[in-house]
Amino acid sequence: MASNINIQKKCEWCGKLFIAHKISTRYCSRRCANLAYKVKTRQKRISEFQTMINQQIEKKDCIDKDFFTPSEAAKYIGISRTTFYRYLETNLIKSVQLKRKTIIRKRDIEALFDNASPYKKHLPRAKQSITDFYTTAEVKEKYGVKDSRIFHIAKEHNISRTFHCGKTYCSKKHIDDYFAKKAHDPEIKEWYSTQDMQEKFSMTLTAIYSFVSKNAIPKKKVGIMVYYSKKHVDIAKGLIAPEEPKYYTFQP
Ligand SMILES: [Zn+2]
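Residues numbered from 1 in each chain as written. Predicted model: local features only at pLDDT ≥ 70, side-chain atom pairs only at ≥ 80, totals over all residues. Heavy atoms only, no water.

Trainee: If you had to explain helix α8 (residues 194-201) to someone new, which residues and values would you point to?
Mentor: When we look at burial in α8, the residues that qualify are Thr194, Met197 and Phe201. Seen end-on, α8 carries its buried residues on one side only, within an arc spanning 60°. Residues of α8 that are exposed and angled more than 90 degrees away from the buried face: Gln195 and Glu199. Here the buried face of α8 lies against β9 (191-193), α9 (205-214), β11 (225-229) and α10 (230-236). One or two positions beyond α8, positive phi appears at Ser202, with a value near 45°. (Buried < 20%, exposed > 50% of the residue type's maximum accessible area, 1.4 Å probe, protein only. Helix = DSSP H or I, 4+ residues; strand = E, 2+ residues; numbered from the N terminus. Arc of directions from axis to C-beta. Contact = heavy atoms within 4.5 Å.)

Structure (structure tokens):
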């Protein structure tokens, strides 16, 4: 850019006085500018190298130590400080708090591996609030089943479970669906065959299947025939009023 300003400046590289046409000009010539640039890049490389060496020394110091601060311990196992503090809070990793200092013994970190449980694949947990869960006691009361059976059902059908304060909670929807399908309810005395439903409600087979699945109608199989609880179908169709629920609602 052509400029008509003339400023007398001192070259930052050779110290010669020169006339600059821009305020930002720092060197008298291209040569001086290049030399200054080379030195600057070299210094940057040296400082980067020094930082790397320092980190290595720090890490080595860390390994040689028997006791760590939380930051050192986090660095030692290669996790973030925040994650490490979470492990401390849940007592996954032992620590000793001395007034304002928290100390971790290297041996305790290593000891975690001695009694480590086998690797388990993390199953994605359904995002549900705790109100969408039954406690085992609730499942027992509602469906009259034993603990071992609930455990078995949950495991076999991969029903999402969560553990909180020493209690097991099972997904309400999945438990209800399971028992609805099972229809072990001895109170169900009357049943519709698919043919009955086709005639009574003028429904196609496809419509029936989607209807019973959507409304979780209890069903039973006799040979190749499938029957659906008359009472539940009639309630879902709005022909009769639903009964009051026999079970209580869980208050967290
Ligand atoms: Zn110069």
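Structure shown, so let's carry the discussion forward.
Trainee: Account for the coordination of the zinc ion, with residues named and values stated.
Mentor: Six octahedral donors around a metal ideally subtend angles of 90 or 180 degrees, whereas four tetrahedral donors ideally subtend 109.5 degrees. Around the zinc ion, the protein contributes the donor atoms Cys11 (SG), Cys14 (SG), Cys28 (SG) and Cys32 (SG), at 2.2 to 2.4 Å from the metal centre. The motif formed by the donor residues of the zinc ion, counted along the single chain, is C-x2-C-x13-C-x3-C. (Donors = N, O, S within 2.8 Å, 3.2 Å for Na, K, Ca; no water.)

Trainee: Give a detailed account of unusual backbone geometry, specifying residues and quantitative values.
Mentor: One non-glycine residue with positive phi stands out, namely Ser202, at about 45°. Structurally, Ser202 can be placed in the loop between α8 and α9. Unusually for a residue other than glycine, Ala216 sits at a positive phi of about 50°. Within the fold, Ala216 resides in the loop between α9 and β10 (219-222).

Trainee: Could you give an account of the pairing of β11, with specific residues and numbers?
Mentor: Judged from the 3 bridges that link them, β9 and β11 form a sheet pairing that is antiparallel. Note that in β11 the partner of Tyr192 across the bridge is Tyr228. Bridge count for β10 against β11 is 4 bridges, and the pairing is antiparallel. Bridge pairing in β11 places Lys221 opposite Val226. Following β10, the chain reverses through 2 residues before pairing antiparallel with β11; Gly223 in that reversal takes a positive phi of roughly 60°. (Pairing = 2+ DSSP bridges.)

Trainee: Can you explain the sheet that holds strand β3 (residues 67-68)? Please cite residues and give values.
Mentor: One open sheet holds the 3 strands; their spatial order is β3-β5-β4, and the pairing between them is antiparallel. Because the sheet does not close on itself, it has two edges, and the strands there are β3 and β4 (96-98). Pairing analysis gives 3 bridges linking β4 to strand β5 (residues 101-105), with the strands arranged antiparallel. Looking across to β5, one finds that Leu98 is bridged to Lys101.

Trainee: So what's going on with the nonpolar core? Which residues, and what values?
Mentor: By size, the foremost hydrophobic cluster in this structure holds 11 residues: Tyr134, Val139, Val145, Ile150, Ile153, Ala154, Ile159, Cys170, Ile175, Tyr178 and Phe179. Mapped onto this core, the elements with two or more residues apiece are α6 (147-156) and α7 (172-182). In this structure, Phe201, Ile208, Phe211 and Tyr228 belong to the second largest nonpolar core, which totals 10 residues. (Core = buried A, V, L, I, M, F, W, Y, C linked by side-chain atoms within 4.5 Å.)

Trainee: Now, about the packing of aromatic side chains: what can you tell me, with residues and values included?
Mentor: Applying the stated criterion across every chain, the model contains 2 aromatic pairs. The interplanar angle of 50° and the centroid separation of 4.9 Å between the aromatic rings of Phe68 and Tyr76 together place this pair among those described as tilted. With a relative accessible area of 2%, Phe68 lands in the buried category. Residue classification places Tyr76 among the partly exposed positions, given a relative accessible area of 24%. A centroid spacing of 5.8 Å and a plane angle of 85° characterise the contact between Tyr192 and Phe201, whose relative ring orientation is edge-to-face. The buried category is assigned to Tyr192, whose relative accessible area is 5%. A relative accessible area of 17% places Phe201 in the buried class. Directly above the ring of Tyr227 sits Lys220, whose terminal nitrogen or CZ lies 5.8 Å from the centroid. Cation over ring: Lys237 sits above Phe201, and NZ or CZ is 5.1 Å from the ring centre. (Phe/Tyr/Trp six-rings, centres within 6.5 Å; stacked < 30°, edge-to-face > 60°. Lys NZ or Arg CZ within 6 Å of the ring centre and 35° of its normal.)

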